[in-house]
Amino acid sequence: MGKKLSVVLPSYNEEQMIEKTAKVVGDILSREQIPYELVFVNDGSKDHTWDKILKIKEEDSCIKGICFSRNFGKESAVFAGIEQADGDCIAVMDCDLQHPPEVLVKMYRLWEDGFQVIEGVKASRGKESFIHKMFAKTFYKIISDATGIDMSRASDFKLLDRQAADEFLKLPERNVFFRALSSWVGFKTAYVEFDVREREAGASKWSFKSLVKYAVNNITSFSAAPMQIVTFCGIVFFVFAVILGIQSLYMYFAGYAVAGFTTVILLLLLVGSILMFSLGVIGYYIAKIYDEVKMRPRYIISEVVKSKDE
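Now for a quick tour of the structure.

Conventions we followed
- Residues numbered from 1 in each chain as written.
- Predicted model: local features only at pLDDT ≥ 70, side-chain atom pairs only at ≥ 80, totals over all residues.
- Heavy atoms only, no water.
- Helix = DSSP H or I, 4+ residues; strand = E, 2+ residues; numbered from the N terminus.
- Buried < 20%, exposed > 50% of the residue type's maximum accessible area, 1.4 Å probe, protein only.
- Contact = heavy atoms within 4.5 Å.
- Areas by Shrake-Rupley, 256 points an atom, 1.4 Å probe, with all protein chains shown as cover.
- Pairing = 2+ DSSP bridges.
- Axes fitted to C-alpha atoms, helices over the stretch in contact; angles between N-to-C directions.
- Parallel < 35°, antiparallel > 145°, perpendicular 65-115°, else oblique.
- Left-handed = near helix turned anticlockwise from the far one by under 90°.
- Nonpolar A, V, L, I, M, F, W, Y, C, P; charged D, E, K, R; others polar.
- Core = buried A, V, L, I, M, F, W, Y, C linked by side-chain atoms within 4.5 Å.
- Arc of directions from axis to C-beta.
- Salt bridge = Lys/Arg side-chain N within 4 Å of Asp/Glu carboxyl O.
- Polar contact = N/O pair within 3.5 Å; in protein donor to acceptor, adjacent residues only side chain to side chain.
- Patch = residues over 30% accessible without salt bridge, like charges linked within 9 Å, V, L, I, M, F, W, Y side chains within 5 Å.

### Section: the overall build of the protein chain
Then step 1. A count of helices and strands for the protein chain gives 10 helices and eight strands.
Then step 2. By the burial criterion, 43% of the 310 residues in the protein chain qualify as buried.
Then step 3. Long-range pairs, those at least 24 residues apart, make up 84% of the contacts in the protein chain with a sequence separation of at least 6.
Then step 4. Accessible area of the protein chain: about 16700 Å², with a carbon and sulfur share of 61%.

Right, dumping it as structure tokens:
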């Protein structure tokens, strides 16, 4: 028997996919004779996701279920799944099968060859609107600049060696960005391309509002870029003020009246807007610091059902 692979599957309102995902992933790994456990993390679902997990647990002893006391978010679900998994290597994939489960086999074989982090990178992003693609491109550009790692095709679909997973779990921050931090920890890394598939059932849980919130939260958790934008704006307006000041002094000593009441009002509105924006960015970072110093747990588990080996 080979070494065990734990597959972490964050699940939020996925009652239509639980049984199929367990069967498809289990069949592929069994056929390849890869010892495994499937770790379903119910992230405070409002439907019957947990009931479905309990049902498949009765039918398949390789299933482990973790139920949160409420919705804590995907990042917390990923962290909890990795923390509860007991495999020699740990893969994370979406429960909706948009991440092709057969790629798990390639990742596992690369891990057997000595790689400690195997990143799933998107060969194509599937069907997305133009606005969504532009938004994603900007988001990954900022994160790539912050990490020094190209994350333009990054995903949450990846496999970590137990050592890499343990180092990831040691990170103390409350706001965890798995997609970037799993690369940040380093180790010997390989890449596997995959095509994002369409959902087979159910609907995406990501609205445009939730995607914006997710992006802002992760950018501020992993990068000081917004603070640098404020500094850049300050430099630009200082240069602008110097030029305008020189022009005003020249006109004053030349004997011309400095006209432009409208210009003054517009400048006040513009500078006021920049100041308010700057205070907002600073305030957001202070709020993040406040969240960190409170040291509240990332999640609360209300129930765990274990696999056959525990």
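Here the narrative resumes.
### Section: the pairing of strand 6 (residues 158-161)
Then step 1. Neither face of strand 6 is left uncovered, since the one carrying Lys158 and Leu160 and the one carrying Leu159 and Asp161 both have all their residues buried.
Then step 2. Pairing of strand 4 (residues 89-92) with strand 6 involves four bridges; the strand directions are antiparallel. Among the inter-strand pairings, Cys89 is bridged to a residue of strand 6, identified as Asp161.

### Here's the deal with the packing of helix 3 (residues 74-84) against helix 6 (residues 162-169)
Then step 1. Look at helix 3 against helix 6: their axes get within 10 Å of each other, and the N-to-C directions meet at 130°. Here helix 3 is positioned oblique relative to helix 6, judged by the angle of their axes. The interaxial crossing formed by helix 3 with helix 6 has left-handed handedness. When helix 3 is examined against helix 6, the residues Phe79, Ile82 and Glu83 are found in contact with a partner set consisting of Arg162, Ala165, Phe168 and Leu169.
Then step 2. For the contact of helix 3 with helix 6, the residue count by class is five nonpolar, no polar and two charged.

### Observations concerning unusual backbone geometry
Then step 1. Despite not being glycine, Asn13 has its phi angle at roughly 55°, a positive value.
Then step 2. Structurally, Asn13 is set in the loop between strand 1 (5-11) and helix 1 (18-31).
Then step 3. Overall, Asn13 belongs to the partly exposed group, its relative accessible area being 22%.
Then step 4. Despite not being glycine, Leu97 shows a phi value in the positive range, around 65°.
Then step 5. Relative to the helices and strands, Leu97 is located in the loop between strand 4 and helix 4 (103-112).
Then step 6. According to the relative accessible area criterion, Leu97 is buried, its value standing at 3%.

### Observations regarding the nonpolar core
Then step 1. By size, the foremost hydrophobic cluster in this structure holds 38 residues, and its most contacted members are Leu5, Leu38, Phe40 and Leu104.
Then step 2. Secondary-structure elements contributing two or more residues to this core are strand 1, helix 1, strand 2 (36-42), helix 2 (49-59), strand 3 (63-68), strand 4, helix 4 and strand 7 (189-195).
Then step 3. At six residues, helix 4 tops the list of elements feeding residues into this core.
Then step 4. Dropping the residues within four chain positions of it, Leu5 is found in contact with Leu29, Ile34, Pro35, Tyr36, Glu37, Cys89, Ile90, Ala91, Tyr108 and Leu159.
Then step 5. Counting residues in each nonpolar core, the second largest holds 25 residues, with Val41, Phe72, Ala77 and Val92 among its members.

### Digging into helix 2
Then step 1. Listed in full, the buried residues belonging to helix 2 are Thr49, Trp50, Ile53, Ile56 and Lys57. Projected onto a plane normal to the axis of helix 2, the buried residues spread over an arc of 125° and lie on a single side. Exposed and facing more than 90 degrees away from the buried side of helix 2 are Glu58 and Glu59.
Then step 2. Close packing links the buried residues of helix 2 with strand 1, helix 1, strand 2, strand 3 and strand 8 (301-305).

### Quick word on the pattern of salt bridges
Then step 1. Applying the stated rule across the entire model yields 11 salt bridges.
Then step 2. Its salt-bridge partner being Glu19, residue Lys52 comes within 3.3 Å of it at the nearest N-O pair. Note that Lys52 is positioned in helix 2 and Glu19 in helix 1, a separation of 33 residues in sequence.
Then step 3. Judged by its relative accessible area of 30%, Glu19 is partly exposed.
Then step 4. Between Glu37 and Lys64 there is a salt bridge, and its shortest N-O distance comes to 3.9 Å. Here Lys64 lies in strand 3 and Glu37 lies in strand 2, a separation of 27 residues in the sequence.
Then step 5. If you follow the salt bridges from partner to partner, you end up with Glu19, Lys52 and Lys55 in one network.

### Quick look at helix 6
Then step 1. Turning to helix 6, its buried residues are Ala164, Ala165, Phe168 and Leu169. Along helix 6, the residues classed as buried sweep out an arc of 140° about the axis, all on the same side.
Then step 2. For helix 6, the N-terminal capping position is held by Asp161, with its side-chain oxygen 3.0 Å away from the main-chain nitrogen of Gln163.

### Considerations on a nonpolar patch on the surface
Then step 1. Together, Ile235, Phe238, Val239, Val242, Ile243 and Ile246 line one region of the surface with nonpolar side chains, adding up to about 590 Å² of accessible area.
Then step 2. Position of Ile243 among the secondary structure elements: in helix 9 (residues 225-253).
Then step 3. For Ile243, a relative accessible area of 56% puts it in the exposed group.

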